[in-house]
Each structure stands twice: as structure tokens, then as C-alpha cells.
Amino acid sequence: DGVPLVKYCGCWFPVWMFRQILAAQKHYKAKDTDIILSTLPKSGTTWMKALMFSIANRHVFPIDQSPLLTSTPHKLVPPLEFDTFWEQDNNPDLEAIPSPRIFGTHMHFKTLPECIRERNCKIIYICRNPLDQFVSQIHFSSQNRSGRDADPVAIDEAFNMYCQGISPYGPFWDDILGYWNAHLENPGKVLFLKYEDLKEDITSQVKKIAEFMGFPFSLEEEEQGLIDQISGLCSFESLSNLAPNKTGDNNRTVKSSSFFRKGQVGDWTNYLTPAMAERIKNLMDSKFEGSGLMFKT
Ligand code: A3P
């Protein structure tokens, strides 16, 4: 879809991210209290950043004074691979971030900095059914490249590459399976979530995320409706209408607004032909066979 990619350790990284990835592997020093959000792009990263930040900081900021009202989720939860992050002298800001420090990454499990696996820090992974993830990715790429929606020819070409595993942070199946297996091996270390489950029942998922993060909601908080307040603040409708997400600077070269498109399950039906859908479904069947992994589409 026009993003130049480079293959490293079996994974297709955007070329412009490669230096940052190596920098993260070299410089990042995990703390036991760190929490890493890992995602395939367009699988719910922005949503999870907002939720995790809100859950961990609910005693610091009341909901009506949440920094989400004035900053983008990507600013509040910085990426591990963020370039200038590593260029600051001795990273004083990094050390000064209060615990739990939350960072986002798109790295595959096997390419994460070694210290994340060695230390007791936790990993939350979210994925999304590949049909919607693909459709979201092509829109995101073309929006940021040309400011227009992808045309059918571009979709066809990107689709063929996607099915060969050539997409940002692809092959998608390797990324998903890497975290799935890590979760099965150590569920206390790796939480495995799906976008569709959050859409279906946000309350139970927020509870689960908070427990895993070590910030469970008390009965009193539940009765006060705090879970609903956080879910509401972080919903697509709410976040997409906040000023920082419409116009804000995102610490990135892409538009903040491009992280908010439709936020729905099943939008692929508007873009993929039945033959295309069949091809991805067959690919999923063969790649995920025996893993126990299933996606609602
Ligand atoms: P669509 O393009 O299907 O609308 P990421 O944050 O990983 O880049 O993913 C972006 C996708 O998540 C986009 O999907 C976007 O609209 C959707 N999204 C962003 N914020 C969301 C939210 N709060 N709730 C649900 N979906 C959200």
C-alpha cells in the first residue's frame, strides 16, 4: 500500500521505523512495573492506550480532568520505538515517568527488547479480525499519503501482498500467533485481547484489563460507575470528537484524526469482494489451525 517495508527477523517493518526499533532494543531498560501494549497496527492501539492510561491514572486525575481531554492517547502512552525519545540526553524524562510506565509497540513478540521478557513487566496484546485490520490499514495509509481513500486497484495490490504476509508488521499471522503462544505459556505475563470482544462487552473487558494491570476496580468504584465513565471517555464517539484527536500534534508525522475512522466490526464487507474474504478466511484457517484461535468477523 505504498509504505516501504524492510524484512528483519521474519517481520516486515516500515523502513522509517527500523532505526527506532534497533534503538529500542538497545536502550530500553524495562522496570518490573512497566506495562507494554503491543498491537498490530489498526487493531485498537489508540483505544487501548486511552483505556490503559485511564485505568492506571484514575486516582491521579478525575475523569473530567483527564489528560485525554487535552492530549492524544499516543502522546500519553509513547511508543517504545519513538525516535527522539531515545535521543534526549540520558533520557531523563523516561526515568521520571511515574510507575506504571506504559509504552506502546508494534514489534513482534520475538523482536521485543530482551529485558521485557526477562523482567516482570507485563504485556497486553490486542488484535483484530484480519479482514477489518486490512481494510483499516489501507485507509490509514492512503489517508496519510494522499489525503484520499484508497482506490480499488491500490486495494487489490495491497491485498495480494497482505496475503503473502507483506504488510506493516506482517505477516499478520506471525504477529498474532507469537503473542498467542506467549499468552498460553504465561497468561500472567501476556494478556491477549481482541478488538471485537471490546466492542461486544467493554465493561467486562475493562475489568479484566484493570485486574491484569494490577489496578482492579473496588466494589465501591464499580458502584460509583467508574468503569462506565472510563469506557465512555475512551469510546470512539467520545475520543474522535475531542479537540486533540481532531487537530492535535501526535508526536508523529501522521494526522491525529486518521486514527479515528469508523471504529466498527465488519466494515470489510464494504470493501472486500466475497473472493477476497474467502482467501483471507482460508489463510486464517490454515495459519491458525490447531492454535485454538478464532475471530469474529
Ligand atoms: P477503522 O479504520 O476500522 O475505523 P489503531 O489505533 O491500532 O491505529 O487502530 C485504528 C482503528 O481503531 C480504526 O479502525 C479506528 O477507527 C479504530 N478506533 C480508534 N479509536 C477507537 C475507539 N475508541 N473505539 C473503537 N475503535 C477505535
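Residues numbered from 1 in each chain as written. Predicted model: local features only at pLDDT ≥ 70, side-chain atom pairs only at ≥ 80, totals over all residues. Heavy atoms only, no water.

By the naming in an unreviewed UniProt entry, the chain goes by Sulfotransferase and is assigned to Sesamum alatum. Annotation of the chain in UniProt includes, under Sequence similarities (unreviewed entry), the sentence "Belongs to the sulfotransferase 1 family." (UniProt positions renumbered as here; feature names shortened; annotations may be inferred.)

Chemist: Would you mind showing me how to read the overall build of the chain here?
Modeler: A count of helices and strands for the chain gives 16 helices and six strands. For 297 residues, the compact-globule formula gives about 19 Å, and the C-alpha radius of gyration of the chain, at 18 Å, lands near that figure. Over its C-alpha atoms, taken along the principal directions, the chain stretches across nearly 50 × 40 × 40 Å. Across the 297 residues that make up the chain, the buried fraction comes to 54%. Partitioning the intrachain contacts of the chain with sequence separation of at least 6 by distance along the chain shows that 76% fall at a separation of at least 24. Here the chain has roughly 13,500 Å² of accessible surface; of this, 52% comes from carbon and sulfur atoms. Separation of charge centres in the chain, based on 31 positive and 36 negative side chains, amounts to 4 Å. (Helix = DSSP H or I, 4+ residues; strand = E, 2+ residues; numbered from the N terminus. Rg over C-alpha atoms; globule rule 2.2 N^0.38 Å. Buried < 20%, exposed > 50% of the residue type's maximum accessible area, 1.4 Å probe, protein only. Contact = heavy atoms within 4.5 Å. Areas by Shrake-Rupley, 256 points an atom, 1.4 Å probe, with all protein chains shown as cover. Lys, Arg positive; Asp, Glu negative; His and termini not counted. Charge placed at Lys NZ, Arg CZ, Asp CG, Glu CD.)

Chemist: I would appreciate a short explanation of the environment of Glu 237 in the present structure.
Modeler: Relative to the elements of secondary structure, Glu 237 occurs in helix 14 (residues 236-240). Under the relative-accessibility criterion, Glu 237 is labelled exposed at 53%.

Chemist: Just checking my understanding: could you explain the pattern of salt bridges for this structure?
Modeler: Working definition: two side chains of opposite charge can pair if their charged atoms are close together. Applying the stated criterion to the full structure yields nine salt bridges. Note that Arg 58 is salt-bridged to Glu 221, the shortest N-O span being 2.9 Å. Within this pair, whereas Arg 58 is found in the loop between helix 2 (45-56) and helix 3 (73-76), its partner Glu 221 is found in helix 12 (residues 219-223), the two being separated by 163 residues in sequence. Taking the relative accessible area as the measure of exposure, Arg 58 reaches 10% and is therefore buried. Between Arg 261 and Asp 267 there is a salt bridge, with the nearest N and O atoms lying 2.8 Å from each other. On the accessibility criterion, Asp 267 (3% relative accessible area) is buried. Each of Asp 197, Glu 200 and Lys 296 takes part in salt bridges that share partners, so that together they form one network. (Salt bridge = Lys/Arg side-chain N within 4 Å of Asp/Glu carboxyl O.)

Chemist: Sorry if this is basic, but what is going on with the site of the ligand here?
Modeler: In the vicinity of the ligand, 18 residues are found, and the nearest of them are Lys 42, Thr 45, Thr 46, Ser 136 and Lys 262. Here Ser 43 contributes a backbone N or O atom positioned 3.1 Å from an oxygen atom of the ligand. Protein contact buries 98% of the 560 Å² of open area that the ligand shows by itself. Those elements that place two or more of their residues in the shell around the ligand are helix 2 and helix 14. Here the element with the most residues in the shell around the ligand is helix 2; it accounts for three residues. A class-by-class count of the residues in the shell around the ligand yields seven nonpolar, seven polar and four charged. (Near = heavy atom within 4 Å. Polar contact = N/O pair within 3.5 Å; in protein donor to acceptor, adjacent residues only side chain to side chain. Nonpolar A, V, L, I, M, F, W, Y, C, P; charged D, E, K, R; others polar.)

Chemist: Whenever I open this one, helix 1 (residues 18-27) confuses me. Can you help?
Modeler: Given 3.6 residues per turn, any residue in an α-helix points the same way as the ones three and four places further on. Here helix 1 has its buried residues at Gln 20, Ile 21, Ala 23 and Ala 24. Relative to the axis of helix 1, the buried residues are bounded by an arc of 160° and lie together on one face. Among the exposed residues of helix 1, those oriented more than 90 degrees off its buried face are Arg 19 and Lys 26. (Arc of directions from axis to C-beta.)

Chemist: Where do I start with the packing of helix 2 against helix 13 (residues 226-233) in this structure?
Modeler: If you want to describe how two helices pack, look at the angle between their axes and the distance between the axes. Where helix 2 meets helix 13, the axes come as close as 9 Å, and the angle between the chain directions of the two elements is 145°. The chirality of how helix 2 crosses helix 13 is right-handed. Residue-level contacts link Leu 51, Ser 54 and Ile 55 of helix 2 to Ile 230, Ser 231 and Leu 233 of helix 13. (Axes fitted to C-alpha atoms, helices over the stretch in contact; angles between N-to-C directions. Left-handed = near helix turned anticlockwise from the far one by under 90°.)

Chemist: Looking at this structure, I do not really get the sheet that holds strand 6 (residues 190-194). What am I missing?
Modeler: Two pairing modes exist for strands in a sheet, parallel and antiparallel, and in both the strands are linked by backbone hydrogen bonds. Ordered in space as 4-3-5-6, the four strands form an open sheet in which the pairing is parallel. Bordering the open sheet on either side are strand 4 (102-105) and strand 6, each of which pairs with just one other strand. Mean inter-strand twist for the sheet, computed between neighbouring axes without regard to direction, equals 20°. Note that strand 5 (residues 122-127) and strand 6 share five bridges and pair parallel. Residue Ile 123 lies in a different strand from strand 6, and its bridge partner there is Val 190. Running over the sheet, helix 9 (residues 172-185) touches strand 3 (35-39), strand 5 and strand 6 and is turned about 130° from strand 6. Sheet strands touched by helix 11 (residues 202-213): strand 3, strand 4, strand 5 and strand 6. Its angle to strand 6, the strand with the most contacts, is close to 165°. (Pairing = 2+ DSSP bridges.)

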